[in-house]
Amino acid sequence: MKRRDFLKGMLATSFTVISSASILTPLTALAKAGAKNRDDWLTTGSHFGAFKVKRKNGVIDQVKPFDLDKYPTDMINGVRGLVYNPSRVRYPMVRLDFLLKGHQSDTTQRGDFRFVRVTWDKALTLFKESLDQVQTKYGPSGLHAGQTGWRATGQLHSSTSHMQRAVGMHGNFVKKIGDYSTGAGQTILPYILGSTEVYAQGTSWPLILDNANTIILWANDPFKNLQVGWNAETHESYEYLAQLKEKVKQGKIRVISIDPVASKTQDYLACEKIYINPQTDVALMLAIAHEFYINDLHDKAFIEGYSLGFEQFVPYLTGANDGIAKTVEWAEKITAVPADVIRSLAKTMVAGRTQMLMGWCIQRQQHGEQPYWMAAVLATMIGQIGLPGGGISYGHHYSSIGVPSSGAAAPGAFPRNLDEGQKPIFDNHDFKGASSTIPVARWVDAILEPGKVIDANGDKVTYPDIKMMVFSGNNPWNHHQDRNRMKTAFQKLECVVTVDINWTATCRFSDIVLPACTTLERNDIDVYGSYANRGLLAMQKMVEPLFDSLSDYEIFSRFARILGKEKQYTRGMTELDWLKQLYDECKGANEGKFPMPDFEQFWRDGYVHFGEGELWTRHADFREDPEINPLGTPSGMIEIFSRKIDRYQYDDCKGHPIWMEKTERSHGGPGSDKHPVWMQSCHPDKRLHSQMCESEQYRNTYTVNGREPVYLNPGDAKQRGINNGDIVRVFNDRGQLLAGAVLSENYPKGVIRIHEGAWYGPVGEDGSKEGGAKVGALCSYGDPNTLTQDLGSSKLAQACSAYTCLVDYEKFRGKVPEVSSFSGPVEVTI
Ligand SMILES: Nc1nc2c(c(=O)[nH]1)N[C@H]1C(S)=C(S)[C@@H](COP(=O)(O)OP(=O)(O)OC[C@H]3O[C@@H](n4cnc5c(=O)[nH]c(N)nc54)[C@H](O)[C@@H]3O)O[C@H]1N2
Ligand SMILES: Nc1nc2c(c(=O)[nH]1)N[C@H]1C(S)=C(S)[C@@H](COP(=O)(O)OP(=O)(O)OC[C@H]3O[C@@H](n4cnc5c(=O)[nH]c(N)nc54)[C@H](O)[C@@H]3O)O[C@H]1N2
Ligand SMILES: [Mo]
């Protein structure tokens, strides 16, 4: 849309623009809004860690780590800014044209950021009426409320559960399967190793440290990624990483990191590194397997006793069936790992006890199933699966996996589904032939191509015709790929509702925006220590909800009241009733094993500690007796060849792992003649996805010229005339963004990094927020998903492939627009 058309649109209705600058109230004024007077230290928890807070004059003043957290993350310095920041949603708001025309609104205006403040009653009534329209006109296949995400910690206020229970009381809706994190991995591994593996507890760190001779960190940066956890973190893994660092120093354990970039973990451990061309790991793995095979280094007894299908795989390895032997020389050409290095790596891996620790990033790419499968084949050939300090793990970089679990029962949560016997108002299960569940990363495809039939994990999925979406506790305009494609898709939606704390880009592209409060503005409980399940934490309310924001429980209790179902929704219980009940149930389940005081005592103490856990080796039982303790695969064995997958007859996921070229690959691969640079959008060092980006002062500690950093190879940057601190335009045929240059030798030639979670802030050619609605608009802050590819990993998992992405970049020489991401909407009145 041209600026002129905008003005025309603006003249068509009469409203006033309230300066968007008015959103930027001074911090102290914000802080005082709705604060209460209690000045003692209180406990609470977050993905960033458990911590304590002291208030002064009813305002959050100081934050310090929880007593038991010996390795707090730097991000704790950003916690205060989660509450007090200019990006908060202050009031329920409705997009201008939606308020005027409802489901007949001009959806090309969606994203122009013009919103009108309304009351809670008005907003929730509009929400309900929209659901009525969609259920009446289209039925449940017209509504998708199934996306999930990283919400905040807390078992009671878990926001997606509230939204889904309440919306579920109105009617049925489309849901998702899988997640963005491990979509390819969690789909392939049940066929190979019998469970998702990615979310399973792993071999205890002390056993790894005592028994491993070599640790392979494959696409893995635990030192960065263990800073956050699914529950309230207490960072116990860092104690083990410190011990590992010492062992590396003493030469007792070799750690070899295989990664295209120099990671934070490499730097911390001072370990060995092998550079590999991005997206080529399967070729390296095949060459290692080939090396094992031709030198007779593989464990034939283990392969024979614990796996199936090696003999179908060997002809591919040797080239007997395709004419290409997967030799070290063959792999060197693809991976840039020298043949000698591969030979010596293969020898090292069978020389002693070798623990492979896989990161998740290499399965968020096209054919992401293959490296995970092939890594399992390598571990099988080495023959150490089930031994302490040997075998393979797919999770030691995540949420304290590998820290021995206490074994205590964890608390339950607020129910996501309807209670037994409850029925929705629109009790309709007719999805009109479409699937009621779709792969998590394929919803934008569905909006664009309703009715299309795709393959997914041995089944057919028929895309529903989605007309309305509801989001809470997730940020799809962060997590999904290819912004401009999303924009086109969103123009097809009649209504989008988002519940969030902040004016994220998802709110910007919504019609109804409802303000939730932060965890610090409500009471809750959660586990601390994530997978270690070390204890139970009281998450004590620090201040009253700011502005018009409400807790998720309160928002959806009010919504249920409008549906005439408040009692059904709340079961007649208050926030405190629920907390007490969740606590008492947990206490009951732990009776006699893990003593817990009564609720009041627990609340005063701030936590209850469950104690240490027992050491454990993954797959030890299977190793001990594969017949009594079979894996969950069809055969009960490790499946090097999967008959089941083979029968699907997919061209992009065959019966055994193979190397396949990507649609986009740097270093001479497809597409690199046009856009030569691989962009990795790894998980941020200073955020949890998009969360914490709103924490303004903390963000200012790492931004460059107010933009998200783009990490560049110094040689590549110099060739383009770029210096540290310059504003860079990164682009491809899918989109364009601005980011701030950081030159670093950690990034090799042809590789750049922009961390995911950078807030999307599109602006028009005139730099206006309104112009951000246009397809192709420039992102003023640096969201890498402006550039990524929206492509299923394969017909098997259909998972997110964000890392199959080529770009180019140049010094930005135009008029630099203001960052539009953080200052909220253009508030208008009618
Ligand atoms: N390019 C690229 N894209 C990626 C990835 C990548 O590596 N590269 N990684 C993918 C992965 S692994 C993941 S897990 C996803 C993450 O994607 P998401 O889980 O969607 O990301 P978050 O930023 O954590 O979004 C959580 C949202 O919930 C809101 N929220 C927090 N607490 C509350 C609450 O109490 N109530 C309500 N109502 N809302 C709340 C936050 O403000 C935030 O907007 O991103 C995926 N996308
Ligand atoms: N600080 C912080 N920690 C987090 C999160 C966060 O947002 N912030 N998010 C959490 C979540 S939801 C998830 S899913 C996990 C994500 O965990 P991962 O997906 O494992 O994490 P990443 O840091 O994205 O990537 C890990 C490493 O993989 C490397 N890599 C990328 N592509 C390739 C490749 O083709 N080959 C090889 N060999 N290496 C490659 C990267 O250079 C990087 O060093 O992290 C969790 N931990
Ligand atoms: Mo994730």
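Look a little higher up for the structure.
Owing to the predicted nature of the structure, the values given are computational and were not obtained by experimental measurement. (Residues numbered from 1 in each chain as written. Chains lettered and ligands numbered in written order. Predicted model: local features only at pLDDT ≥ 70, side-chain atom pairs only at ≥ 80, totals over all residues. Heavy atoms only, no water.)

(A) Structural view of the overall build of the chain. A tally of regular secondary structure across the chain gives 29 helices and 33 strands. Taken over the C-alpha trace, the chain has a radius of gyration of 26 Å; the compact-globule value for 830 residues is 28 Å, and the two agree within 12%. By residue count, 65% of the 830 residues in the chain fall in the buried class. When contacts within the chain are restricted to residue pairs at least 6 apart in sequence, those whose partners lie at least 24 apart make up 77%. Surface accessibility of the chain: about 28,400 Å² in total, with carbon and sulfur atoms responsible for 49%. The chain carries 92 positive and 95 negative side-chain charges, and their two centres are separated by 5 Å. (Helix = DSSP H or I, 4+ residues; strand = E, 2+ residues; numbered from the N terminus. Rg over C-alpha atoms; globule rule 2.2 N^0.38 Å. Buried < 20%, exposed > 50% of the residue type's maximum accessible area, 1.4 Å probe, protein only. Contact = heavy atoms within 4.5 Å. Areas by Shrake-Rupley, 256 points an atom, 1.4 Å probe, with all protein chains shown as cover. Lys, Arg positive; Asp, Glu negative; His and termini not counted. Charge placed at Lys NZ, Arg CZ, Asp CG, Glu CD.)

(B) Fine view of the environment of Arg623. Here Arg623 shows up in helix H26 (residues 620–624). Sequence-distant contacts of Arg623, that is, excluding residues within four places in its chain, are made with Phe302, Tyr306, Gly383, Gln384, Ile385, Gly386 and Leu387.

(C) Quick peek at the site of ligand 1. In the vicinity of ligand 1 lie 33 residues, with His479, Asp500, Ser690, Asn785 and Tyr803 positioned nearest. Within the side chain of Gln691, an N or O atom sits 2.8 Å from an oxygen atom of ligand 1. Protein contact buries 98% of the 920 Å² of open area that ligand 1 shows by itself. Contributions of two or more residues to the shell around ligand 1 are made by helix H19 (476–479) and strand S19 (495–500). Across the shell around ligand 1, the residue classes break down as eight nonpolar, 19 polar and six charged. (Near = heavy atom within 4 Å. Polar contact = N/O pair within 3.5 Å; in protein donor to acceptor, adjacent residues only side chain to side chain. Nonpolar A, V, L, I, M, F, W, Y, C, P; charged D, E, K, R; others polar.)

(D) The arrangement of the site of ligand 2 in detail. Not every one of the 37 residues close to ligand 2 is listed here, only the nearest: Lys224, Asp259, Asp281, Arg364 and Pro684. Take His397: an N or O atom from its side chain is 3.5 Å from an oxygen atom of ligand 2. Starting from 920 Å² of accessible surface for ligand 2 in isolation, the protein chains cover 100%. For the shell around ligand 2, the secondary-structure elements that each account for two or more residues are helix H9 (222–225) and strand S25 (677–680). Taken together, the residues of the shell around ligand 2 break down into 18 nonpolar, eleven polar and eight charged.

(E) Expanded view of the sheet that holds strand S23 (residues 607–609). One open sheet holds the three strands; their spatial order is S21-S22-S23, and the pairing between them is antiparallel. The open sheet terminates on both sides in strands that have one partner only, identified here as strand S21 (524–528) and S23. Strand-to-strand, the axes of this sheet are offset by a mean angle of 20 degrees, without reference to chain direction. Taken together, the three bridges between strand S22 (residues 535–539) and S23 define a ladder with antiparallel strand orientation. (Pairing = 2+ DSSP bridges. Axes fitted to C-alpha atoms, helices over the stretch in contact; angles between N-to-C directions.)

(F) Structural view of the packing of helix H15 (residues 328–335) against helix H16 (residues 339–351). Packing of H15 against H16 leaves a shortest axis separation of 8 Å and a crossing angle of 120 degrees. The handedness of the crossing between H15 and H16 comes out as right-handed. For the pair H15 and H16, the contacting residues are Val328, Glu329, Ala331 and Glu332 in the first and Ala339, Ile342 and Arg343 in the second. (Left-handed = near helix turned anticlockwise from the far one by under 90°.)

(G) Representation of helix H7 (residues 183–192) within the structure. H7 sits mainly inside the fold: nine of its ten residues count as buried. Gly183, Ala184, Gly185, Gln186, Thr187, Ile188, Leu189, Tyr191 and Ile192 are the residues of H7 that are buried. In this fold, the buried residues of H7 make contact with helix H17 (369–382), strand S24 (638–639) and helix H27 (643–648).

(H) Focus on the sheet that holds strand S2 (residues 41–46). If you trace the three strands from one edge of the open sheet to the other, you get S2-S3-S4, paired in antiparallel fashion. Only two strands of the sheet have a single partner each, and these edge strands are S2 and strand S4 (59–65). Ignoring strand direction, the axes of neighbouring strands in this sheet form an average angle of 35 degrees. When S2 meets strand S3 (residues 49–56), the two strands line up antiparallel, connected through six bridges. Across the sheet, Trp41 pairs through a bridge with Lys54, a residue of S3.

(I) Region of the structure containing the pairing of strand S26 (residues 709–712). Side chains Pro709 and Tyr711 project from S26 onto one buried face, and the interleaved Val710 and Leu712 project onto a second face that is buried too. The pairing of S26 with strand S28 (residues 736–743) spans four bridges and is parallel. Paired with Pro709 across the bridge in S28 is Gly740.

(J) Just the nonpolar core, in detail. Trp218, Ile288, Met356, Met358, Leu378 and Tyr394 are the most contacted members of the largest nonpolar core, which has 97 residues in total. Here the element with the most residues in this core is H17; it accounts for ten residues. Grouped together as the second largest cluster of nonpolar side chains are 56 residues, Ala441, Ala489, Cys682 and Leu712 included. (Core = buried A, V, L, I, M, F, W, Y, C linked by side-chain atoms within 4.5 Å.)

(K) Main features of the packing of aromatic side chains. Across all of its chains, the model carries 44 aromatic pairs by this definition. When the centroid spacing of 6.2 Å and the interplanar angle of 70 degrees are considered together, the rings of Phe602 and Trp603 count as edge-to-face. Trp603 shares its class with Phe602; the two are buried. Pairwise contacts between aromatic rings join Trp150, Tyr199, Trp230, Trp360, Tyr398 and Tyr531 into one cluster. (Phe/Tyr/Trp six-rings, centres within 6.5 Å; stacked < 30°, edge-to-face > 60°.)

(L) Quick peek at the environment of Gly111. Relative to the helices and strands, Gly111 resides in the loop between helix H4 (96–101) and strand S6 (114–117). The class of Gly111 is buried, set by a relative accessible area of 0%. Discounting chain neighbours no more than four positions away, the residues touching Gly111 are Arg508, Phe509, Lys769, Glu770, Gly772 and Ala773.

(M) Geometry of the side chain of Glu233. You can see Glu233 is positioned in the loop between H9 and helix H10 (237–249). A polar atom in the side chain of Glu233 sits 3.0 Å from the backbone nitrogen of His235. Only 3.0 Å separates the side chain of Glu233 from the side chain of Ser400, close enough to count as a polar contact.

(N) Here's a closer look at unusual backbone geometry. Phi at Ser400 is positive, roughly 65 degrees, even though this residue is not glycine. Assignment of secondary structure puts Ser400 in the loop between strand S14 (391–393) and strand S15 (437–439). The class for Ser400 is buried, based on a relative accessible area of 2%. Within the chain, Lys432 stands out as a residue other than glycine whose phi angle is a positive 55 degrees. By the secondary structure assignment, Lys432 is in the loop between S14 and S15.

(O) Broad picture of H10. With 13 residues, H10 should reach 18 Å at 1.5 Å per residue; the first-to-last C-alpha distance of 19 Å fits that figure. For H10, the set of buried residues is Ser237, Tyr238, Tyr240, Leu241, Leu244 and Val248. When H10 is viewed along its axis, its buried side chains cluster within an angular range of 150 degrees and face the same direction. Here the buried face of H10 lies against helix H8 (205–211), strand S9 (214–218), H9, strand S10 (254–258) and helix H11 (264–269). (Expected span 1.5 Å × (residues − 1). Arc of directions from axis to C-beta.)

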